[in-house]
Amino acid sequence: MSEQIIADAGPGQSAEPAHRAGGIGQAAGKAAVTVSKAIGRYRWTICGLLFFSTTINYMDRQVLGLLKSTLMGDMGWTESDFGDIVAAFSLAYAFGYIGCGRLMDKIGIRIGLPAAVAGWSFFACVHAFMGSVFGFKMARAGLGLTEGGNFPASIKAVSEWFPAKERALATGIFNAGSNVGAVVAPILVPILLVAYGWQAAFLVTGGIGFFWVIAWLLIYRKPEDHPKLTAEELAYIRSDPVLPQENIPWIKLLSYRGTWANIVGTCFSAPVWWFYLNWVPGFLNKQYGVNLFGAMLPLIIIYTMADFGSVGGGWFSSHLIKRGVKPLRARKLTFLVCGLCVLPVFFASTVSSMWVAVLLIGIAASAHQGYSANVYTIVSDTMPRNAVGSVVGIGGFCAYFVGMFVSMGVGRLLDATNGNYQVLFGIASVLYLVGLAIMHVILPKTGSGMTPAGIEV
């Protein structure tokens, strides 16, 4: 394959190691590099590591929702108790998201991400030793605080390892790990519950993360320092315009359109996803009388569908960009398609067939993942690279702070209506399009110039 890549030699690039300099050039300004062989694909190895960290992340948080009926029966919890436990996670996750986002920008993801994974793996195991609502709130708070590091770090890694035209696809792929985790958990948790008790479900799933930490530390380096990355692939990764980097204070980040677009997109989608994760197993039990083993196949179907949506949503906007559509317009078109696909979930609680309800929820979950992959990618489209983690953290903080109140409200609404889910699915069905409408107003208009990330709009 013969391909011409324009690489920007920004400040400090001339100090690259000698074995890279010949392929890229050290002169300031732009250097044309003609690649006469395949660029290389090592960047997808890094994407794979992010995929597995996200898988573990969601597997650990999914366990509580799967064990909801068991724990409520054993410990006498009400729906409000369960909602408050989920709310403790949401509140801590909000602070973890914003704190870890800034931390990842400061210390980097080579150390920051494995520290987060080790932390949440520890707190996932701690659940096994809790016996009260308060104890579970503390364990969930610790889990939420540390799990907040995964997405800011992963989005930052994508912005460092992929050019703009591949970021939505890479984000969609690693974000698909959330669905794989949500598929693996319903298979593993019932087996562990029957064989060893609910405590084992938390211990085994929590322990898996420590193996990932070892793999990351052995494999990961920055692109410019990685011995397995070719000069051609590094040039391809750096083929977007290189802009001057500056240390942007948090308060100044609030003056960027990209920050507010991320806040809105995340606030109008993330709480719905949490509703699916934490309450769909209980919905299936309440509405159709299925136990944990009976819910296994429906949940696998829902989150397998969501996996396709995550990758498909990322691929769709990337495909539009490669066809000449401006990046932000491509993201908005993807938001529109996903938002329309969510609308039918309104009927999920009114149909008599469980499998029809599963299909409706599966379509909505799939659309959510396509939507969220592009919400995350908007940050790297619109913000300077060294601010990506912080902006993702701000958006996550806002969304999951809202999510805390949503979780408390869901529990109380279900207690007040004797488990009627119709209002909840009705609200979930329209939030994505409302979020799109607001983001459309916030984001730069086509033809207005360049975003701070150097993306033409």
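About the criteria used
- Residues numbered from 1 in each chain as written.
- Predicted model: local features only at pLDDT ≥ 70, side-chain atom pairs only at ≥ 80, totals over all residues.
- Heavy atoms only, no water.
- UniProt positions renumbered as here; feature names shortened; annotations may be inferred.
- pLDDT = per-residue confidence, 0-100.
- Helix = DSSP H or I, 4+ residues; strand = E, 2+ residues; numbered from the N terminus.
- Contact = heavy atoms within 4.5 Å.
- Axes fitted to C-alpha atoms, helices over the stretch in contact; angles between N-to-C directions.
- Parallel < 35°, antiparallel > 145°, perpendicular 65-115°, else oblique.
- Left-handed = near helix turned anticlockwise from the far one by under 90°.
- Nonpolar A, V, L, I, M, F, W, Y, C, P; charged D, E, K, R; others polar.
- Expected span 1.5 Å × (residues − 1).
- Buried < 20%, exposed > 50% of the residue type's maximum accessible area, 1.4 Å probe, protein only.
- Polar contact = N/O pair within 3.5 Å; in protein donor to acceptor, adjacent residues only side chain to side chain.

Looking at an unreviewed UniProt entry, one finds the protein named MFS transporter and attributed to Azospirillum melinis. For the protein, the Subcellular location (unreviewed entry) comment in UniProt is given as "Membrane".

Novice: Could you give me a rundown of the confidence of the model for the protein, with the residues and numbers involved?
Specialist: Overall, the predicted model of the protein reaches an average pLDDT of 83, with 88% of residues at or above 70. Averaged pLDDT values over the elements of the protein bottom out at 29 in strand β1 (residues 3-9) and peak at 95 in helix α10 (residues 198-219). Ignoring residues within four places in sequence, the model shows residues 1-37, a span with pLDDT below 50, making 68 contacts including any to other chains.

Novice: Got a sec to walk through the packing of helix α2 (residues 42-66) against α10? Specific residues and values, please.
Specialist: Here α2 crosses α10 at 160 degrees, and the two axes come no closer than 9 Å. Accordingly, the angle class assigned to the pair α2 and α10 is roughly antiparallel. Judged by the sense of rotation from one axis to the other, the crossing of α2 with α10 is left-handed. For the pair α2 and α10, the contacting residues are Tyr42, Leu49, Leu50, Phe52, Ser53, Ile56, Met59, Asp60, Val63 and Leu64 in the first and Ala201, Phe202, Thr205, Gly206, Ile208, Gly209, Trp212, Trp216 and Ile219 in the second. Classifying every residue of the contact of α2 with α10 gives 14 nonpolar, four polar and one charged.

Novice: Which residues make up helix α17 (residues 354-382), and what values go with them?
Specialist: For α17, with 29 residues, the first-to-last C-alpha span of 42 Å sits near the 42 Å given by 1.5 Å per residue. Of all 29 residues making up α17, 25 are buried, and the element is well covered by its neighbours. At the N-terminal boundary of α17, the capping side chain belongs to Ser353, with an oxygen 3.3 Å from the backbone nitrogen of Trp355.

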